[in-house]
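Analysis of the macromolecular model
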Amino acid sequence: MPTSLNDDPEAQISILRSTVETKFHIDTEWWEEQGRNLRFHLYDRLCPDCKELYSSYNEVEEVDWVDDETAEVTRVNALWHALSTCCSNRPDYITEETPFIEAIFRVFLSNGNTPLTPLELHERLNPRPPKVILRLLTGDRIYNGIRPCPS
């Protein structure tokens, strides 16, 4: 089970080819490979109002999610849906005090894990240049499964 890029040859190749135009996403398979519970991490980032709606991260159903661009309907975890439609709209979801790599993770949570490039992340988060964002995402550590999308 790779915990860093040094342990995963495929990830190393993908990282070596990465540019500021490479799409990244939260790799849900990484969470499974690491034996980590993504639902817990989703629940942990819910706003207080949504935490009241969902008493446990284990007993959450799936809901229909409609893609704004394609109108495609998919089934998603209700916690992810709440993060996207409620929590991420609150002013305290991402603040100046939010660690930058956590802010990147929260952007992916808020957009339904739609792949984004470092350029697009820069447009949303602004304080760091795209090349710095690329270096953060391609460093030795894989942060919360954020990896390049498969080509």
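Anything mentioned here points back to the structure above.
Residues numbered from 1 in each chain as written. Predicted model: local features only at pLDDT ≥ 70, side-chain atom pairs only at ≥ 80, totals over all residues. Heavy atoms only, no water.

Describing the environment of S55
Convention followed: Put simply, DSSP H or I for four residues or longer makes a helix, DSSP E for two residues or longer makes a strand, and each gets a number counted from the N terminus. Throughout, exposure labels follow a simple rule: accessible area from a 1.4 Å probe, protein chains only, divided by the maximum for the residue type, with under 20% read as buried, over 50% as exposed, and the rest as partly exposed.
One can find S55 in the loop between α4 (48–53) and β2 (62–66). The class for S55 is exposed, based on a relative accessible area of 66%. In this structure the C-alpha to C-alpha distance between S55 and Y43, which are 12 residues apart in sequence, comes to 9.5 Å.

Describing unusual backbone geometry
Of note in the backbone geometry, N113 takes a positive phi value of approximately 70° without being a glycine. In this fold, N113 is placed in the loop between α6 (100–110) and α7 (118–125). Of note in the backbone geometry, N144 takes a positive phi value of approximately 50° without being a glycine. Here N144 shows up in the loop between α8 (130–137) and β4 (146–148). What makes N144 buried here is its relative accessible area of 3%.

Focus on the pairing of strand β3 (residues 73–77)
Our working definition: Should DSSP find at least two bridges between two strands, the strands are regarded as paired.
Of the pairings in the sheet, the one linking β2 to β3 comprises 5 bridges and is antiparallel in character. Paired with E62 across the two strands is N77, which belongs to β3. Two successive antiparallel strands, β2 and β3, enclose a turn made up of 6 residues, where A71 displays a positive phi of approximately 65°.

Some words on the pattern of salt bridges
As a reminder, the rule being used: One speaks of a salt bridge when a side-chain nitrogen belonging to Lys or Arg is within 4 Å of a carboxyl oxygen belonging to Asp or Glu.
In total, this model carries 7 salt bridges according to the counting rule given. Taking the shortest distance from any N to any O, the salt bridge between R90 and D92 comes out at 3.6 Å. R90 sits in the partly exposed class, given a relative accessible area of 27%. Between E102 and R106 there is a salt bridge whose closest N-O contact spans 2.8 Å. On the criterion of helical spacing, the pair formed by E102 and R106 is a turn pair, its members being 4 residues apart in helix α6. Of the two residues, E102 and R106, neither departs from the other in class, the shared state being buried. One network of salt bridges, in which partners are shared, links R45, E102 and R106.

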